[in-house]
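# Descriptive analysis of the structure
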There are 2 protein chains.
Amino acid sequence: MDQRISLITLGVADLRRARTFYEDGLGWRPVDSPEGVVFYQLPGMAFALFGRDDLAEDARLNIDGSFSGITLACNQRSEADVDRVLEQAEAAGARILKPAERVFWGGYSGYFADLDGHVWEVAFNPGWTLAEDGTLTVG
Amino acid sequence: MDQRISLITLGVADLRRARTFYEDGLGWRPVDSPEGVVFYQLPGMAFALFGRDDLAEDARLNIDGSFSGITLACNQRSEADVDRVLEQAEAAGARILKPAERVFWGGYSGYFADLDGHVWEVAFNPGWTLAEDGTLTVG
């Protein structure tokens, strides 16, 4: 798995309240806000706020369990790379939470938990730009 | 608070085991490993593995509470900027976990929890390079 983080997603109880904190409170500016999620462009990567229950469901996690409420994503350049990285992680002892599948936003994505339960999404997103140097641009 | 993440730190139960997963399993290469912590350079930012108890103590968090085991850091260009950002976050409703103070690694750092309990460190680290565009290089 390439040494990069493409997206950090924070699960939040109330998306509007969380947006108010990051936008009005801290001065951040969103770059995209499709239904139920808000994306912010950071240097070289993306940051998202997403309903905590929706995020847990997306990663096939039990919301009442040990889910930290945060997911990290390592985006890939193809569906085949997503499959390969998930196999690599599983071979290293990770627990596959969700095998890769085509997803509603037009990409291909799966999730694993590392040995401490930290949740990684491995995704191919044809709508975002992954540069040669591993930096990601939303859109 | 500038729209960037400088460092993501994962709290882990066993640092050696976690290193084996990320390094031997996924192929990541550390850039620095002072006592009890390991840093990895990612595009534009840093990633760290750190003992979960040590991380909780550093952020003044109760390990048996709702701590997610992950902290995000937004590095600043001066101690004054750290103070200013912590004040801004508190004014926006954040809970200050640790007021900024000089720390053993030579910098100046404080922590806040956002409205959902996600933990941010706000730090000035004179040993790391924070470029004009907000990207961070370890060392």
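A brief structural summary.

Definitions and limits used
- Residues numbered from 1 in each chain as written.
- Chains lettered and ligands numbered in written order.
- Predicted model: local features only at pLDDT ≥ 70, side-chain atom pairs only at ≥ 80, totals over all residues.
- Heavy atoms only, no water.
- Pairing = 2+ DSSP bridges.
- Helix = DSSP H or I, 4+ residues; strand = E, 2+ residues; numbered from the N terminus.
- Axes fitted to C-alpha atoms, helices over the stretch in contact; angles between N-to-C directions.
- Contact = heavy atoms within 4.5 Å.
- Least-squares fit on C-alpha atoms with pLDDT ≥ 70 in both.
- Salt bridge = Lys/Arg side-chain N within 4 Å of Asp/Glu carboxyl O.
- Buried < 20%, exposed > 50% of the residue type's maximum accessible area, 1.4 Å probe, protein only.
- Core = buried A, V, L, I, M, F, W, Y, C linked by side-chain atoms within 4.5 Å.
- Buried area = accessible area lost by both parts, 1.4 Å probe.
- Polar contact = N/O pair within 3.5 Å; in protein donor to acceptor, adjacent residues only side chain to side chain.
- Nonpolar A, V, L, I, M, F, W, Y, C, P; charged D, E, K, R; others polar.
- Phe/Tyr/Trp six-rings, centres within 6.5 Å; stacked < 30°, edge-to-face > 60°.

Residue and element names in this part refer to chain B. Taken together, the seven strands give an open sheet; going across it, the order is β2-β3-β1-β4-β7-β6-β5, and neighbouring strands pair in mixed fashion. The open sheet terminates on both sides in strands that have one partner only, identified here as β2 (37-42) and β5 (95-102). Taking the axes of each pair of neighbouring strands and ignoring which way they run, one obtains an average angle of 20° across the sheet. Across four bridges, the pairing between strand β1 (residues 7-12) and strand β4 (residues 70-75) is antiparallel. Within β4, the residue paired with T9 across the bridge is T71. Along the sheet face, helix α1 (residues 15-25) touches β1, β2 and β3 (45-51) and points at about 20° away from the line of β2. Contacting β5, β6 (108-113) and β7 (119-124), helix α3 (residues 79-91) runs over the sheet at an angle of about 10° to β6.

Glancing now at the relation of the copies chain A and chain B. What relates the pair of chain copies is a rotation about an axis plus a shift along that axis. Overlay of chain A on chain B (RMSD 0.0 Å): rotation 180°, translation along the axis 0.0 Å. Taken together, these values place the two copies in the relation of a two-fold axis. Of every C-alpha in chain A, the one belonging to S68 of chain A sits nearest the axis of rotation, 2.1 Å from it. Looking at the interface residues of chain A, 100% of them are also at the interface in chain B, so both copies use one shared face.

What the rule picks out here adds up to 14 salt bridges over all chains. In this structure, D58 of chain A engages K98 of chain A in a salt bridge whose closest nitrogen and oxygen atoms are separated by 3.8 Å. You can see D58 of chain A sitting in helix α2 (residues 52-58) and its partner K98 of chain A sitting in strand β5 (residues 95-102), a full 40 residues away along the chain. Its relative accessible area of 19% is what places D58 of chain A among the buried residues. Look at K98 of chain A and you get buried, because its relative accessible area is 3%. Residue D2 of chain B is joined to R4 of chain B by a salt bridge in which the shortest nitrogen-to-oxygen separation is 2.9 Å. According to the relative accessible area criterion, D2 of chain B is partly exposed, its value standing at 39%. Accessibility expressed as a relative area gives 3% for R4 of chain B, which makes it buried.

What follows is about the nonpolar core. Grouped together as the largest cluster of nonpolar side chains are 57 residues, with contacts concentrated most on I8 and F47 of chain A together with I8 and F47 of chain B. When residues no more than four places from it in sequence are discounted, the contact partners of I8 of chain A are M45, A46, F47, A48, I70, T71 and L72 of chain A together with I5, I8 and L72 of chain B.

Attention now moves to the interface of chain A and chain B. The interface is formed by 43 residues belonging to chain A together with 43 residues belonging to chain B. For the pair chain A and chain B, the summed buried surface comes to about 3500 Å²; carbon and sulfur atoms form 66% of the total. When the area that chain A buries against chain B is broken down by residue, the three leading residues are Q3, F21 and P43 of chain A, summing to 20%. At the boundary of chain A with chain B, the tally comes to two salt bridges. Remark: the boundary between chain A and chain B carries 22 residue pairs in polar contact (both at pLDDT 80 or more). Elements with a contribution of two residues or more to the side of chain A that touches chain B: β1 (7-12), α1 (15-25), β2 (37-42), β3 (45-51), β4 (70-75) and α3 (79-91) of chain A. For the side of chain A that touches chain B, the element with the highest residue contribution is α1 of chain A, accounting for five residues. Its residues assigned to classes, the side of chain A that touches chain B comprises 24 nonpolar, twelve polar and seven charged.

A separate point is the packing of aromatic side chains. In the structure shown here, the tally under the stated rule is 24 aromatic pairs over all chains. Pairing W28 of chain A with F47 of chain A gives two aromatic rings, centres 5.1 Å apart and planes at 70°, and the pair type is edge-to-face. You can see W28 of chain A sitting in the loop between α1 and β2 and its partner F47 of chain A sitting in strand β3, a full 19 residues away along the chain. The residues W28 of chain A and F47 of chain A share a single accessibility class, namely buried. Grouping aromatic residues by their ring pairs yields a cluster made of F21, Y22, W28, Y40 and F47 of chain A together with F112 and W120 of chain B.

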